[in-house]
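# Chains, contacts and geometry: an overview
The chain contents come next:
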Amino acid sequence: MSMPSVPSSENVAKLVEDARKVKKYEKMLRRTKLAFFMLLLFCIIVSLGHVWVVVTVWVLQALAFRELTNVRYKDAKEQNLPWFRTFHWCLFVSATLFNKGRALLVFCKNTPYVFEYGWQWRLERYGWALENWDYITFNLYSCLFITFVLSLKKGYYKYQFSQLTWTVFSLAITMVR
């Protein structure tokens, strides 16, 4: 019986280099496939129309907001603060309503689909919301701020205010047009 030959250091270096090249090309191929998939998905969303583009933008904003608020999330401290994460999402929804609500209501009011699908009675019934949209969103912000003040806990003031500041900063980043 003969012993298998031990590869020389040159052969090992060449094998390692070949493996690196293969990995590099596999990564490049995977990224190229993903890029074409995202391009195709973008084209499909744009071809579906305005509403789906708006929904896509809103979903992307929500994902960006989630990522930004998770940067400063600390499990140990928030376990003692009930509804604190819900408060962040309520702020996100109210900021979204403030930024995009009026445009959405105007779009619904002026779109021909309103008459086609029989939504005219809804617009007549909720037309006051369009007229008073700033007042409604201001009251929503006020209620949320009062809720924040009422939820302050002794020993957590610094953490709660830093989280509120970070949330407002995250909203500014995701909501700026």
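Before going into details, it helps to say that this report is about the structure given with it. (Residues numbered from 1 in each chain as written. Predicted model: local features only at pLDDT ≥ 70, side-chain atom pairs only at ≥ 80, totals over all residues. Heavy atoms only, no water.)

With 22 residues, helix H2 (residues 50-71) should cover 32 Å at 1.5 Å per step; its first-to-last C-alpha distance of 32 Å lies within 8% of that length. Buried within H2 we find Gln61, Ala62, Phe65, Leu68 and Thr69. Looking straight down H2, one finds that the buried residues subtend no more than 130° of arc, so they occupy a single side. Opposite the buried face of H2, by more than 90 degrees, sit the exposed residues Leu60 and Val71. (Helix = DSSP H or I, 4+ residues; strand = E, 2+ residues; numbered from the N terminus. Expected span 1.5 Å × (residues − 1). Buried < 20%, exposed > 50% of the residue type's maximum accessible area, 1.4 Å probe, protein only. Arc of directions from axis to C-beta.)

On to the nonpolar core, then. Ranked by size, the top nonpolar core spans 15 residues in total, and within it Phe87, Leu91, Phe92 and Leu171 carry the most contacts. When residues of this core are assigned to their parent elements, the largest contribution, five residues, is made by helix H4 (residues 84-110). Other than its neighbours up to four places away in sequence, Phe87 contacts Leu144, Phe148 and Leu164. (Core = buried A, V, L, I, M, F, W, Y, C linked by side-chain atoms within 4.5 Å. Contact = heavy atoms within 4.5 Å.)

A cluster of basic residues, Lys23, Lys27, Arg30 and Arg31, forms a positive patch at the surface. One can find Arg31 in helix H1 (residues 9-48). You can call Arg31 exposed: its relative accessible area is 63%. (Patch = residues over 30% accessible without salt bridge, like charges linked within 9 Å, V, L, I, M, F, W, Y side chains within 5 Å. Areas by Shrake-Rupley, 256 points an atom, 1.4 Å probe, with all protein chains shown as cover. Salt bridge = Lys/Arg side-chain N within 4 Å of Asp/Glu carboxyl O. Lys, Arg positive; Asp, Glu negative; His and termini not counted. Charge placed at Lys NZ, Arg CZ, Asp CG, Glu CD.)

Bringing the environment of Ala95 into the picture now. Here Ala95 is to be found in helix H4. For the pair formed by Ala95 and Val168, sequence separation is 73 residues and the distance between their alpha carbons is 9.7 Å.

In a regular helix each residue adds 1.5 Å, so 18 residues correspond to 26 Å; helix H8 (residues 133-150) covers 26 Å between its end C-alpha atoms and thus fits that length. Restricting attention to buried positions, one finds in H8 the residues Trp133, Thr137, Leu144 and Phe148. Buried residues along H8 cover an arc of 45° about the axis, so they all sit on one side. For H8, the exposed residues lying more than 90 degrees away from the buried face are Tyr135, Phe138, Ile146 and Leu150.

What follows concerns the packing of H2 against helix H9 (residues 157-175). Contact pair H2 / H9: the axes reach a minimum separation of 9 Å and the direction vectors enclose 150°. Relative to H9, the element H2 is oriented roughly antiparallel. You can see that H2 and H9 cross each other, and the crossing is right-handed. Contacts between H2 and H9 pair Gln61, Ala64, Phe65, Leu68, Thr69 and Val71 from the former with Trp166, Thr167, Ser170, Leu171, Ile173, Thr174 and Met175 from the latter. (Axes fitted to C-alpha atoms, helices over the stretch in contact; angles between N-to-C directions. Parallel < 35°, antiparallel > 145°, perpendicular 65-115°, else oblique. Left-handed = near helix turned anticlockwise from the far one by under 90°.)

Further remarks concern the pattern of salt bridges. Under the counting rule described, the total for this entry stands at one salt bridge. A salt bridge links Glu67 to Arg66, with the shortest nitrogen-to-oxygen separation between them at 3.2 Å. A relative accessible area of 37% means that Arg66 is categorised as partly exposed.

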